[in-house]
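The lines below spell out each chain.
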Amino acid sequence: MAKAKNILFIMFDQLRWDYLSCYGHPHLHTPHIDRLAARGVRFTRAYIQSPICGSSRMSTYTGRYVHSHGASWNNIPLKVGEMTLGDHLRKAGMDCWLVGKTHMKADAEGMARLGLEPDSIIGARVAECGFDIFERDDGMRPEGPDGFYDPNGAKHYNAYLRDKGYDSDNPWHDFANSALDDDGNVLSGWFLKNSPKPANIEEDDSETPYLTRRAMAFIETAGDTPWCLHLSYIKPHWPYIVPEPYCDMYGPNQVLPPVRAQAEFDNAHPVLKAFMTTKVGESFSQPHVRNAVIPAYMGLIKQCDDQMGVLFDWLEKTGRMDDTMIVLTSDHGDFLGDHWMGEKTFFQDASTKVPLIIYDPSPEADATRGTTCDALVESIDLAPTFVATAGAEPAGHILEGESLLPILHGARDQTLRDYVICEYDYSASPVAAKMNQPVRDAVMFMVADKHWKLIHCEGGYRPILFDLANDPDELVDLGDSNDHHEVIADMYDKLFAWARRPSQRTTRSPRQLMDMRSKSGRVGVMPGIYDETETPLELTSKYRSRKAPHWRDRHGNPVQVTPLEDSDPKA
């Protein structure tokens with residue numbers, strides 16, 4: 001085993017990389033997350049594999065690109081047969097548990113075809129993205145005229161709230177994610193105008209502290225077997241509303257100006273313009289909306305950081321900081337009005353770059369404590385990092401990322417890649433309908449290195465190109481610049497090289513394939529050999545010095561065969 005016996009894998013939902021003080025936010029102070037960064041490595045170029053919850057998480061949990069695992073949008077099932085973090089870690093002798101969100105949609109048809117019962121151990125793991133479940137809470141219990149978005153959303157949390165006296169058929173909405181006026185009317189958190197109001201819930205009963213306590217309960221009861229716990233918080237994902245005292249900690253005077261330019265909007269690529277002009281994009285382009293929402297978003301993050309303080313202090317007190325690797329990241333960011341957009345579904349860094357902090361208690365990591373690393377890192381790197389931490393060799397023919405342990409231990413300061421990839425399949429989204437886009441064409445790819453970012457949109461569109469070195473805010477699209485043809489060609493070469501990788505060859509490792517090159521002859525396969533002396537005699541030992549009766553004599557009758565006059569006397 002490596003020195004880190006256990007892994008605490010913390011993921012926040014929709015947390016922007018630059019909304020932490022250790023990443024440079026001037027007003028939002030996050031001392032507890034900063035404390036973790038001071039004891040570990042803070043990565044400054046960590047990228048997700050898709051700018052939407054479900055597909056991003058499936059890449060993190062499988063260690064594979066979206067193109068490989070196929071769960072390309074929310075509620076598209078992860079197909080049966082995809083190995084997950086839990087599969088790899090259990091093989092290495094480490095349990096893998098969940099507290100919180102996965103956004104996993106099970107492949108019910110595939111499970112039924114293979115006879116996997118959801119209530120069996122194997123079936124439950126397949127249905128739950130490879131995790132054993134301590135408590136799953138995807139944190140979504142919205143209800144519309146056609147029913148609930150997720151019938152099982154916040155199931156245990158809602159039961160907890162009812163037990164605490166929050167009387168409602170949906171306390172997740174009426175208390176945890178809504179405010180209340182003086183007449184007792186519920187002011188829904190779905191309406192952005194209510195974001196500045198306090199959520200109608202005692203702070204200790206809100207979602208973030210609740211999940212912190214559930215994680216501590218798991219760790220308290222964990223046995224001697226090494227474990228990986230995925231503590232997956234729901235916030236600061238919308239609805240943007242937070243209880244006291246966090247609801248009024250920040251105000252419009254602490255809202256940073258939006259990163260955008262009028263020329264950026266006026267000259268926007270057609271696909272980008274479609275995302276800018278969605279309802280959420282139009283809302284977040286208005287100053288009064290940003291001034292209402294962003295202080296609440298900051299309050300949610302501040303609450304998250306305070307809960308990290310509770311958790312880290314408890315880990316120190318119980319001695320777990322000495323044997324537990326802690327990884328803290330996000331599944332994607334949030335535009336918050338930058339680039340004329342809300343939500344996260346495009347490729348600027350506000351969405352695709354995420355915070356990543358890794359604390360390794362091992363002595364080997366002492367040399368890198370408190371450092372930053374500008375290596376090109378992808379979320380698919382976490383799975384092989386965890387497998388290596390468990391003391392096993394990552395299955396490189398399945399896991400498409402690379403272990404970060406060499407960086408954490410000071411053996412390297414960069415990854416082996418020279419570009420990162422992000423994908424977005426928006427064929428099931430309202431934007432595709434708005435554009436009247438065929439399903440085949442509603443797909444985009446991002447390829448980026450430390451200097452350039454290229455976005456390829458299917459459907460015959462020109463590319464989008466940003467000069468990250470000279471335009472870090474990504475405001476000027478150079479995709480139609482005559483001066484950048486060579487750069488565009490080079491970035492397309494990288495995207496093409498990525499597309500050519502043999503990602504589906506997952507049943508044999510490179511070592512096994514190398515061994516197979518020389519094994520066919522040893523089991524008697526001899527195509528193309530004219531004379532036995534042309535190959536090592538050992539390989540033909542089963543074919544030489546053999547006797548057999550003539551076929552006419554297979555019943556034991558004597559047979560005479562007269563050789564032809566011109567026959568070969570050696571025959």
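The structure under discussion appears in the preceding block.
Every value quoted in this text rests on a predicted model; they were computed, and no experiment measured them. (Residues numbered from 1 in each chain as written. Predicted model: local features only at pLDDT ≥ 70, side-chain atom pairs only at ≥ 80, totals over all residues. Heavy atoms only, no water.)

Q: How would you sum up the nonpolar core? Please name residues and give values.
A: Formed by 73 residues in total, the largest nonpolar core has its most connected members in F43, F346 and Y426. Setting aside chain neighbours within four positions, we find F43 in contact with Y23, L356, I358, C373, V377, L404, I407 and L408. Within the second largest apolar cluster, 60 residues are counted, among which are L15, A154, Y157 and A176. (Core = buried A, V, L, I, M, F, W, Y, C linked by side-chain atoms within 4.5 Å. Buried < 20%, exposed > 50% of the residue type's maximum accessible area, 1.4 Å probe, protein only. Contact = heavy atoms within 4.5 Å.)

Q: Before we move on, can you summarise unusual backbone geometry with the specific residues and values?
A: Residue P236 is reached from K235 by a cis peptide bond, and omega for that bond is 10 degrees. Within the secondary structure, P236 is located in the loop between β9 (227-232) and α10 (262-266). Between W238 and P239 the backbone carries a cis peptide bond, its omega angle lying at 0 degrees. Structurally, the position occupied by P239 is in the loop between β9 and α10. One non-glycine residue with positive phi stands out, namely H103, at about 65 degrees. Looking at the secondary structure, you find H103 in the loop between β3 (95-100) and α5 (108-114). By relative accessible area, which is 10% here, H103 ends up buried. (Helix = DSSP H or I, 4+ residues; strand = E, 2+ residues; numbered from the N terminus.)

Q: Give me the lowdown on the pattern of salt bridges, citing residues and values where you can.
A: Overall, the coordinates contain 34 salt bridges when judged by the stated rule. As a salt-bridge pair, D132 and R90 come within 3.4 Å of each other at their nearest N and O atoms. Within this pair, whereas D132 is found in strand β4 (residues 132-136), its partner R90 is found in helix α4 (residues 85-91), the two being separated by 42 residues in sequence. D381 serves as the salt-bridge partner of R417, at 2.8 Å between the closest nitrogen and oxygen. You can see R417 sitting in the loop between α16 (405-408) and β14 (420-425) and its partner D381 sitting in the loop between β13 (377-378) and α15 (382-389), a full 36 residues away along the chain. Of the two residues, R417 and D381, both sit in the buried class. (Salt bridge = Lys/Arg side-chain N within 4 Å of Asp/Glu carboxyl O.)

Q: How would you summarise the side chain of N194 if you had to cite specific residues and measurements?
A: Examined against the element boundaries, N194 turns out to sit in the loop between β8 (186-188) and α9 (207-221). Excluding residues within four positions of it along the chain, N194 makes contact with L187, S188 and I241.

Q: Residues and numbers for the sheet that holds strand β15 (residues 443-448), please.
A: In space, the 4 strands of this open sheet follow the order β14-β15-β16-β17, with antiparallel pairing throughout. In the strand order of this sheet, the two ends are held by β14 and β17 (464-467), each with one partner. Pairs of neighbouring strands in the sheet enclose a mean axial angle of 10 degrees, with direction left out of account. Here 4 bridges tie strand β16 (residues 452-457) to β17, and the two strands are oriented antiparallel to one another. Residue pairing across strands places K453 opposite F466, the latter belonging to β17. Across the sheet, helix α18 (residues 485-499) lies against β14, β15, β16 and β17, angled at about 70 degrees from β16, the strand it touches most. (Pairing = 2+ DSSP bridges. Axes fitted to C-alpha atoms, helices over the stretch in contact; angles between N-to-C directions.)

Q: How would you summarise the packing of helix α7 (residues 155-163) against α9 if you had to cite specific residues and measurements?
A: It is the contact of α7 with α9, at a shortest axis distance of 12 Å, that shows an interaxial angle of 105 degrees. Viewed along their axes, α7 and α9 adopt a mutual orientation that is roughly perpendicular. Contact with α7, carried on its side by H156, Y157 and Y160, involves E207, Y210 and R213 of α9 and no other residues of that element. Within the contact of α7 with α9, the residues separate by chemical class into 3 nonpolar, 1 polar and 2 charged. (Parallel < 35°, antiparallel > 145°, perpendicular 65-115°, else oblique. Nonpolar A, V, L, I, M, F, W, Y, C, P; charged D, E, K, R; others polar.)

Q: Lay out the packing of α9 against helix α13 (residues 287-318) in plain terms, naming residues and giving numbers.
A: The contact between α9 and α13 brings their axes to 9 Å, and the two run at 20 degrees. Classified by the angle their axes make, α9 and α13 are roughly parallel. For the element pair α9 and α13, the recorded crossing hand is right-handed. In contact with T208, P209, T212, M216, I219 and E220 of α9, α13 contributes Q303, C304, Q307, V310, L311, W314 and L315. Taken together, the residues that form the contact of α9 with α13 break down as 8 nonpolar, 4 polar and 1 charged. (Left-handed = near helix turned anticlockwise from the far one by under 90°.)

Q: Tell me about helix α1 (residues 31-39), and please be specific about residues and values.
A: For α1, the complete set of buried residues consists of I33, L36 and A37. Take α1 and look down its axis: the buried residues cluster within an arc of 100 degrees, on one side only. Considering only its buried residues, α1 is in contact with β2 (41-47), α13, β10 (324-330) and β11 (353-359). (Arc of directions from axis to C-beta.)

Q: Hey, could you go over the environment of H230 for me, with residue numbers and the actual values?
A: Among the structural elements, H230 can be located in strand β9. It is 61 Å that separates the C-alpha atoms of H230 and D531, two residues lying 301 residues apart in sequence.

Q: I'd like a rundown of the packing of aromatic side chains, residues and numbers included.
A: As enumerated under the stated definition, the model contains 24 aromatic pairs in all. Their ring planes at 40 degrees and their centres at 5.5 Å tell us that W97 and F218 sit as a pair that is tilted. Taken as a pair, W97 in strand β3 and F218 in helix α9 lie far apart in primary sequence, 121 residues in all. With a centroid separation of 6.3 Å and an interplanar angle of 20 degrees, the aromatic rings of Y157 and Y160 are classed as stacked. Of this pair, Y157 and Y160 both sit in helix α7, 3 residues apart, roughly one helical turn. Of the two residues, Y157 and Y160, both sit in the buried class. The structure contains a cluster of three or more aromatic residues connected by ring pairs, namely F275, F346, F347, Y424 and Y426. Against the face of Y23 rests R42, its NZ or CZ located 4.7 Å from the ring centre. (Phe/Tyr/Trp six-rings, centres within 6.5 Å; stacked < 30°, edge-to-face > 60°. Lys NZ or Arg CZ within 6 Å of the ring centre and 35° of its normal.)

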